[in-house]
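In case you want the letters, here they are:
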Amino acid sequence: MQEVSSYRQGLINRISPIVEKLFKANSLYLVKLKRRDMIEILVDLFAKFSPEEMQAIKDEDLTDRIDKILVVEAVSGTLNDLTPEQIKMYDEAVKRK
């Protein structure tokens, strides 16, 4: 059991600085997301990889993966914030493409 918690702590130590950097670089994240919640979600997600698999992921690649996850998380609720008129405009714009 100790190994699992030390692996989890290692993930937190690796993921947290990346999340901090990405939050500083993207104001959308600051507005839409809670940093601690996102770190927990990411740690749970990446804990599914073995320690060897995680070690093989370069920091740049891990940063890209985390950034993509944060974008999806930040944008996923955006449509819920729109008025019915804005949703209609959005739907029409999507149909034109």
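Quick notes on the rules
- Residues numbered from 1 in each chain as written.
- Predicted model: local features only at pLDDT ≥ 70, side-chain atom pairs only at ≥ 80, totals over all residues.
- Heavy atoms only, no water.
- pLDDT = per-residue confidence, 0-100.
- Helix = DSSP H or I, 4+ residues; strand = E, 2+ residues; numbered from the N terminus.
- Phe/Tyr/Trp six-rings, centres within 6.5 Å; stacked < 30°, edge-to-face > 60°.
- Buried < 20%, exposed > 50% of the residue type's maximum accessible area, 1.4 Å probe, protein only.

A word on the confidence of the model for the protein
Next up, step 1: Considering every residue of the protein, the mean pLDDT works out to 89; 93% of them sit at 70 or more.
Next up, step 2: Averaged pLDDT values over the elements of the protein bottom out at 80 in helix H6 (residues 84–96) and peak at 96 in helix H3 (residues 35–46).

Remarks on the environment of glutamate 53
Next up, step 1: The residue glutamate 53 is located in helix H4 (residues 51–56) in this model.
Next up, step 2: Remark: the alpha-carbon pair of glutamate 53 and tyrosine 90, spanning 37 residues in sequence, is separated by 40 Å.

Topic: the packing of aromatic side chains
Next up, step 1: Scanning the model with the defined rule gives two aromatic pairs in all.
Next up, step 2: Between phenylalanine 46 and phenylalanine 49, the ring centres sit 5.9 Å apart and the planes meet at 25°, which makes this aromatic pair stacked.
Next up, step 3: Take phenylalanine 46: its relative accessible area is 3%, and that puts it in the buried class.
Next up, step 4: Residue phenylalanine 49 is classed as partly exposed on the basis of its relative accessible area of 30%.

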